[in-house]
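# Tertiary structure, described
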Amino acid sequence: MWNKVQETVKFLQKKGITAPDYGIILGTGLGNLVEKIDIEITIPYEEIPNFQVSTVSGHSGELIFGTIGTKKVIAMRGRFHYYEGWSMEQTILPVRVMKFLGVENLIVSNASGGVNPNFQVGDIMLITDHINFMPEHPLNGPNDERFGPRFVDMHEPYSLEMIAKMEQIALKFNIPVHKGIYLALQGPTFETPAEYKMVKILGADAVGMSTVPEVIAAKHLGMTCFGISVITDLGIEGKVEAVSHEEVQKAAKIAEKSIGKLVEEFVKF
Ligand code: HPA
């Protein structure tokens, strides 16, 4: 893993990518943010050593380097999901690559199903915490101290300072946001009504199929994380309706502009 990460880092440095201020993983709903980036370099995943080619429609695979205001950003347009069959190591490799390119701050976004009865489709949730319900842990196996310690502190997985900063921006631009806990399941099935109920009983506000492995990897590396989620469907008892990938994408579009604005302002200042 170490050699692979270093190989990818060297490749990207040769392409001209240096010390970005922010790493951004653009999940469903954050596609719009690409328009806010003054793009300097775009590299398709198939050209990047050790990157996978995303198999999910709506998750195109390219790495983007550029600026938002005076800040340098590296953005993954398309992420690797565990349910695609990638190993956890393959899923988190880009986060490790970002770290060794010099990234200290990671912004992740995703789409999720809301189980909090106050949520509606198209709502935005700032992730305050997560519950890892993935079947495999990304740090399982012998620990490589060059990435981080064996036992990783997770007392503040999502930066309280960054959440407070984002709440202020949301207030300033009159964009309503919720705060809540994200629970990650493997997928690719959406949840049954009983599973949504379980998610709620376990203490989460939303459920999805990504983000948690990347954030765990980032915390292992000592990075600061911020997460934002679009509620694309509801898993609320008595209200669970049929859901499809197309509907998730359509619902994510509702919030795309707002999330783009929020993250643009967040990165700029
Ligand atoms: N469950 C899991 N993942 C999701 C959902 C959901 O309801 N919506 C968007 N991603």
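As shown above, the structure is provided for reference.
Residues numbered from 1 in each chain as written. Predicted model: local features only at pLDDT ≥ 70, side-chain atom pairs only at ≥ 80, totals over all residues. Heavy atoms only, no water.

## Overview of the pairing of strand 3 (residues 62–68)
With six of seven residues buried, strand 3 is to be regarded as a mostly interior element. Of the strand pairs in this sheet, strand 2 (residues 38–44) and strand 3 are connected by six bridges, and their pairing is antiparallel. Note that in strand 3 the partner of I43 across the bridge is L63. Across seven bridges, the pairing between strand 3 and strand 4 (residues 71–77) is antiparallel. Within strand 4, the residue paired with T67 across the bridge is K72. Connecting strand 3 to the antiparallel partner strand 4 that follows it, the hairpin turn spans two residues, and G69 within it adopts a positive phi of roughly 65°. (Buried < 20%, exposed > 50% of the residue type's maximum accessible area, 1.4 Å probe, protein only. Helix = DSSP H or I, 4+ residues; strand = E, 2+ residues; numbered from the N terminus. Pairing = 2+ DSSP bridges.)

## Focus: the environment of I124
Relative to the elements of secondary structure, I124 occurs in strand 6 (residues 124–132). The exposure class of I124 is buried, given its relative accessible area of 4%. Taking the C-alpha atoms as reference points, I124 and S258, separated by 134 residues in sequence, lie 8.6 Å from one another. Aside from chain neighbours lying at most four places away, what touches I124 is I175, P176, V177, H178, I228, S229, A255, S258, I259 and L262. (Contact = heavy atoms within 4.5 Å.)

## Comments concerning unusual backbone geometry
In this structure, P188 follows G187 across a cis peptide bond, with omega equal to 0°. Structurally, the position occupied by P188 is in the loop between strand 7 (178–184) and helix 4 (193–201). The phi angle at N50 is positive, at roughly 75°, despite the residue not being glycine. Given the relative accessible area of 22%, N50 is considered partly exposed.

## Focus: the site of the ligand
Around the ligand, a shell composed of A111, S112, G113, F190, E191, Y196, V207, G208, M209, T232, D233 and V248 is seen. A111 places a main-chain nitrogen or oxygen 3.4 Å from a nitrogen atom of the ligand. Here T232 contributes a side-chain N or O atom positioned 3.3 Å from a nitrogen atom of the ligand. Among the elements that make up the shell around the ligand, the one with the highest residue count is strand 5 (residues 105–114) (three residues). For the shell around the ligand, the residue count by class is six nonpolar, four polar and two charged. (Near = heavy atom within 4 Å. Polar contact = N/O pair within 3.5 Å; in protein donor to acceptor, adjacent residues only side chain to side chain. Nonpolar A, V, L, I, M, F, W, Y, C, P; charged D, E, K, R; others polar.)

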